[in-house]
Amino acid sequence: MSLVDLIYLSQKSLRSNILRSVLTSLGIIIGVSSVITMISIGAGARLEVEQQIERFGSNNLILRSQSSNNRGVSMGNNSVNSLTLKDMEALKNELPAIAAIAPRVSLSTQIIANGNNWLATVTGSTNDYFALGNWKFENGRKFQEDEINSGSRVAIIGKTVQKNLFGTDSPIDEVIRINKVPFTVIGLLDAKGGTAWADLDDTIIVPLKTAKQRLVAKKFPGDQIRSMTINVSSSELLFKTEKDIDTVMRKLHKISANGNPDFVIRNYAQFLNARQESSRVMSILLATVAGISLIVGGIGIMNIMLVTVTERTKEIGVCMSVGAKKRDVLLQFLIESLMISLIGGCLGIALGLGVIFGVSEYFNWKMSLDYMSLVLSFVFSSSIGVIFGFYPARKAASLNPIDALRYE
Amino acid sequence: MININAITKEYIMGDNKLLALNEVDVSIKEGEFVSIMGSSGSGKSTLMNIIGCLDVPTSGDYFFRNKNISNYNSNMLAELRNKDIGFIFQNFNLLPRLNALENVNLPLLYSGKNVKERTKLSMEALENVGLKDRKDHKPNQLSGGQQQRVSIARAIAGNPKLILADEPTGALDSYTSLEIMKILNDLNSNGITIILVTHEKDIAQYGSRIIKMKDGKIIEDKKNVSS
Ligand SMILES: Nc1ncnc2c1ncn2[C@@H]1O[C@H](COP(=O)(O)OP(=O)(O)OP(=O)(O)O)[C@@H](O)[C@H]1O
Ligand SMILES: [Mg+2]
């Protein structure tokens, strides 16, 4: 008997009991949708981490000033700028694990150009800022040595600023007024896109010296700075260097080991680890659900197939009387259980896609669907169908023609 | 065509043995129309099932077309039933989910014929029993006589040499019974060997030979002069 004929006969008997077939595949449906969701969550987390590294650079620590609340009163983040360029030099000298440091001062202010008006964050920093933050140039160039040293009024702008001030026109060599001070645009950065919190492309970078002289002289007097991005030479040294920076900074700022520091170190890797960890916990949970429901689903299939074999004993006898071999009967019932589990597989994939779509829309979790998970679902559900359908099918095939025919 | 030597069929029910067939000898030639009669429980169906290779005897030898069936395995027996033997049952035994044409198709499916060939053969068989226009009807959309005709079509679709009919008219009224017997008679005229089990004397008269059984033995076996 050909496969096409077997499938034709199988779908006939399944269709005569469609509700039963679908209910039987419920376990498979839940199992498969869990598998798909699980894989997507894992892949999504990995993708998000990769993207974050892409955006913020890897192996970076952020050192920021923070008002020390010795008297139990927080003065707010901006009230004190405890970090200085001297701190930066000291860190560089004392900790060889530090590959580079980009200092930063910043302000939010009005930008005027081309008759347009836009509020943007202006950063004063060095060329290291671009390398450490993984910024690429769409157009134009970095700062030149003499521009950095002389405090030239040159600026590099992000995509969002370009869009709002110049539309699609090239901003290079145009003049923009930052807080009424004219700057010449020398570079345009590649787009990075937004995070949940901020539009990274809504940015303007000018040389540190220029910023301190022309824009934030009052806010950051002397050699005060807002923060620094510290690049560590290797990821293994990241956590050790974080501790070393803490020690050095406490020494520089004369803060005891258990005193409240006037700075804070942000370790981005920590955040990423937490993100990965939570998706891992979720995946384990889903894997458990998937495993249990696939087994329960398999037993459900076995159960219903045993019932089917009993119900159709006489029919099996009739088929044998007209020439069905054991193999024909075995295949017929195996294909039926395979079809039930594949129905479950397909509905499970549909449900899984729904869940993935819903979760990523609703919770703003990044979920990435890969084709492997679809292939895996089919492999899973079909092997469940074959494994758990085998015993009932063999039971049917081993019937004696005359006993089956006489069965009432 | 059929040579049966000292075939015994024993059923063990708890402590006592039951001899359904007791050293039966019989041989049937190609083209014969044999009617088997006998009281209920005399072993007629048991003999038919053994002849039809649905059941195996406890002891004795069975030669079908000069081949010893006793040492055939289940696949070989299935093939024999598929190619050489057609069954007609008292209660029709059609598959309820399949329509008439698909039911007739069934033996051809197992013999691996392609769609074109088997549709042709099945349609011919249905035409032979006069049910070509009912090919799309399910068994529950057919009368008893029509169902039996479909099952005859199924039995003859694969061009078997032997047809076994165990009380084919047992569930039918006398008029419909005559229709069925006419079809069997025509098949026999075309050279198909027929073995028929019946309780009715006038139905048995269609046979060219009548065998009577009692308590698992053949007690009478003679030519039917009136046929
Ligand atoms: N599977 C079985 N197990 C036990 N005993 C059986 C079995 N099948 C048949 N028998 C017994 O064997 C004997 C012969 O049965 P068989 O079916 O051949 O009778 P029959 O001549 O066809 O009767 P009927 O005219 O009523 O159909 C009966 O006594 C029956 O009880
Ligand atoms: Mg009987």
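Here the structure is a predicted model, which is why all the values come from computation and not from measurement.

Student: Help me out: how do you make sense of the domain arrangement of chain A in this one?
Tutor: Where interface size is given, it is often the accessible area lost as the parts come together that is meant. Along its sequence, chain A is organised into domain 1 (3-52 + 273-406) and domain 2 (67-261). On a C-alpha basis, the centres of domain 1 of chain A and domain 2 of chain A stand 56 Å from each other.

Student: Whenever I open this one, the sheet that holds strand β7 (residues 162-166) of chain B confuses me. Can you help?
Tutor: In a beta sheet, neighbouring strands pair by backbone hydrogen bonds and run either parallel or antiparallel. Residue and element names in this part refer to chain B. Spatial strand order, β6-β7-β8-β3-β9-β10: six strands in an open sheet with mixed pairing. The open sheet has two edge strands, β6 (85-88) and β10 (217-223), and neither has a second partner. When the angles between neighbouring strand axes are averaged without regard to direction, this sheet yields 15 degrees. Summarising the sheet, strand β3 (residues 33-38) and strand β8 (residues 193-197) pair through four bridges and their orientation is parallel. Counterpart to F33 in the pairing with β8 is I194. Helix α1 (residues 44-51) rests against β3, β6, β7, β8 and β9 (209-214) of the sheet, and its axis sits at about 155 degrees to β7. Helix α2 (residues 74-84) contacts β6 and β7 of the sheet and is inclined by roughly 80 degrees relative to β6.

Student: Explain the packing of aromatic side chains to me, please; I cannot follow it from the model alone.
Tutor: Each aromatic ring pair is described using two quantities: the centre-to-centre distance and the angle formed by the ring planes. Residues and elements named next belong to chain A. Under the defined criterion, the tally for this structure stands at five aromatic pairs over all chains. Aromatic side chains Y129 and F130 sit 6.1 Å apart centroid to centroid with 85 degrees between the ring planes, which places their arrangement in the edge-to-face category. Judged by relative accessible area, Y129 falls into the buried class, the value being 14%. Three or more aromatic residues link up through ring pairs in this structure, and these residues are Y129, F130, F137 and F143. Its guanidinium or amino end placed over the ring of W135, K192 lies 4.2 Å from that ring's centre, counting from NZ or CZ.

Student: Please clarify how the site of ligand 1 should be interpreted in this entry.
Tutor: Taken together, the neighbourhood of ligand 1 is formed by 15 residues, with S40(B), G41(B), K44(B), S45(B) and T46(B) sitting nearest. One chain alone does not account for the residues near ligand 1; they come from chains A and B. Measuring from an oxygen atom of ligand 1, one finds a backbone N or O atom of G41(B) at 2.9 Å. Within the side chain of T46(B), one N or O atom sits 2.5 Å away from an oxygen atom of ligand 1. Compared with its free state, where it exposes 630 Å², ligand 1 has 70% of that area covered by protein. Put simply, the parts of the chain that give the shell around ligand 1 at least two residues each are β1 (2-13), β2 (16-28) and α1 of chain B. Of all the elements, α1(B) adds the most residues to the shell around ligand 1, at three residues. Residues belonging to the shell around ligand 1 are distributed by class as follows: four nonpolar, eight polar and three charged.

Student: How do you make sense of the side chain of S34(A) when you look at a structure like this?
Tutor: Residue and element names in this part refer to chain A. Among the secondary structure elements, S34 is positioned in helix α3 (residues 26-56). Here S34 falls in the buried class, since its relative accessible area comes to 6%. Those residues within four positions of S34 in sequence are excluded, and the remaining contacts are L286, V289 and A290.

Student: Honestly, the confidence of the model for chain A in this entry has me stumped. Any pointers?
Tutor: Fine structural detail should not be taken from predicted coordinates in areas where pLDDT scores are low. Of the residues in chain A, 94% reach a pLDDT of 70 or more, and the chain-wide mean stands at 86. Predicted confidence in chain A is weakest over α3(A), with a mean pLDDT of 81, and strongest over strand β6 (residues 154-157) of chain A, with 95.

Student: Hey, could you run me through the side chain of T313(A) in this one?
Tutor: Residues and elements named next belong to chain A. With respect to the helices and strands, T313 occurs in helix α11 (residues 313-321). A relative accessible area of 6% means that T313 is categorised as buried. A polar side-chain atom of T313 sits 2.8 Å from the main-chain carbonyl oxygen of T310. For T313, the contacting residues outside a window of four places in its chain are L399, A404 and Y407.

Conventions used here
Residues numbered from 1 in each chain as written. Chains lettered and ligands numbered in written order. Predicted model: local features only at pLDDT ≥ 70, side-chain atom pairs only at ≥ 80, totals over all residues. Heavy atoms only, no water. Domains from an automatic or database assignment. Pairing = 2+ DSSP bridges. Helix = DSSP H or I, 4+ residues; strand = E, 2+ residues; numbered from the N terminus. Axes fitted to C-alpha atoms, helices over the stretch in contact; angles between N-to-C directions. Contact = heavy atoms within 4.5 Å. Phe/Tyr/Trp six-rings, centres within 6.5 Å; stacked < 30°, edge-to-face > 60°. Buried < 20%, exposed > 50% of the residue type's maximum accessible area, 1.4 Å probe, protein only. Lys NZ or Arg CZ within 6 Å of the ring centre and 35° of its normal. Near = heavy atom within 4 Å. Polar contact = N/O pair within 3.5 Å; in protein donor to acceptor, adjacent residues only side chain to side chain. Areas by Shrake-Rupley, 256 points an atom, 1.4 Å probe, with all protein chains shown as cover. Nonpolar A, V, L, I, M, F, W, Y, C, P; charged D, E, K, R; others polar. pLDDT = per-residue confidence, 0-100.

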